[in-house]
Amino acid sequence: QVPLVEFGGGSVQPGGSLRLSCTASGSTLRYYAIGWFRQAPGKEREGLLCISPDGDVSSYPDSMNDRFTISRDNSRNTVYLQMNNLQPEDTAVYYCNTDPADVSACSGVTPMNYWGKGTLVTVSS
């Protein structure tokens, strides 16, 4: 039940960019591995990118992430997802999360039993 908060979503035209932020008030994220996930209408929730406490980046299986970049700024207690050249198929609710049983390791969707409200990204002409 890590109280993560996502923000930065919105509506953009195809080809546009957004930077999403993930943070937590009252808790430090510097020792947390943070993953970005999304769920589009009619699709399963999928993992995109994950960043370790040391800043190592990994991609989730089958993720199309060449347009996305994950980073973290521990001084701001924030993990970012930079999304460039957005397309209509990127429309989804985006979430950040960590495995509550092993917060320092990147994990998949399955062990994450709590999800916040996410932030909605809508890409349309």
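Residues numbered from 1 in each chain as written. Predicted model: local features only at pLDDT ≥ 70, side-chain atom pairs only at ≥ 80, totals over all residues. Heavy atoms only, no water.

1. A word on the nonpolar core
- One finds L4, I34, W36, F68, L81, M83 and Y94 to be the most contacted residues of the largest nonpolar core, which totals 26 residues.
- Only β3 (18–23), β4 (34–39), β5 (46–51), β7 (68–73), β8 (78–83), β9 (92–97) and β10 (119–123) provide two or more residues apiece to this core.
- When near neighbours in sequence (up to four residues on either side) are disregarded, L81 contacts L18, R19, L20, W36, L48, L49, F68, T69, I70 and Y94.
- Core analysis: the next-biggest nonpolar cluster, separate from the first, contains seven residues, C50, Y60, Y95 and W115 among them. (Core = buried A, V, L, I, M, F, W, Y, C linked by side-chain atoms within 4.5 Å. Buried < 20%, exposed > 50% of the residue type's maximum accessible area, 1.4 Å probe, protein only. Helix = DSSP H or I, 4+ residues; strand = E, 2+ residues; numbered from the N terminus. Contact = heavy atoms within 4.5 Å.)

2. Focus: the pairing of β4
- Counting buried residues along β4, five of its six residues qualify, which places the element largely inside the surrounding structure.
- Taken together, the five bridges between β4 and β5 define a ladder with antiparallel strand orientation. Residue I34 lies in a different strand from β5, and its bridge partner there is I51.
- Looking at chain direction, β4 and β9 are connected through five bridges and run antiparallel. Residue pairing across strands places F37 opposite Y95, the latter belonging to β9. (Pairing = 2+ DSSP bridges.)

3. What about the sheet that holds β7?
- Across the sheet, four strands lie side by side as β1-β3-β8-β7; this open sheet has antiparallel pairing. This sheet does not close on itself; its edge strands, each paired only once, are β1 (5–7) and β7. Pairs of neighbouring strands in the sheet enclose a mean axial angle of 20 degrees, with direction left out of account.
- Where β7 and β8 come together, six bridges link them in antiparallel fashion. Looking at the pairing, D73 lines up with T78 of β8. (Axes fitted to C-alpha atoms, helices over the stretch in contact; angles between N-to-C directions.)

4. Some remarks on the state of the cysteines
- Under the criterion given, the structure shown has two disulfides.
- The side chain of C22 participates in a disulfide bridge whose partner is C96; the two sulfur atoms lie 2.1 Å from each other. Residues C22 and C96 are joined by a disulfide whose S-S torsion is about 80 degrees; by sign, that bridge is right-handed. Of this pair, C22 sits in strand β3 while C96 sits in strand β9, and the two are 74 residues apart along the sequence. (Disulfide = S-S within 2.5 Å.)

5. Some thoughts on the pairing of β3
- Counting buried positions over the six residues of β3 gives five, a clear majority of the element.
- Sheet analysis places β1 next to β3, joined by three bridges and oriented antiparallel. The partner of V5 across the bridge, within β3, is T23.
- Bridge count for β3 against β8 is six bridges, and the pairing is antiparallel. Paired with L18 across the two strands is M83, which belongs to β8.

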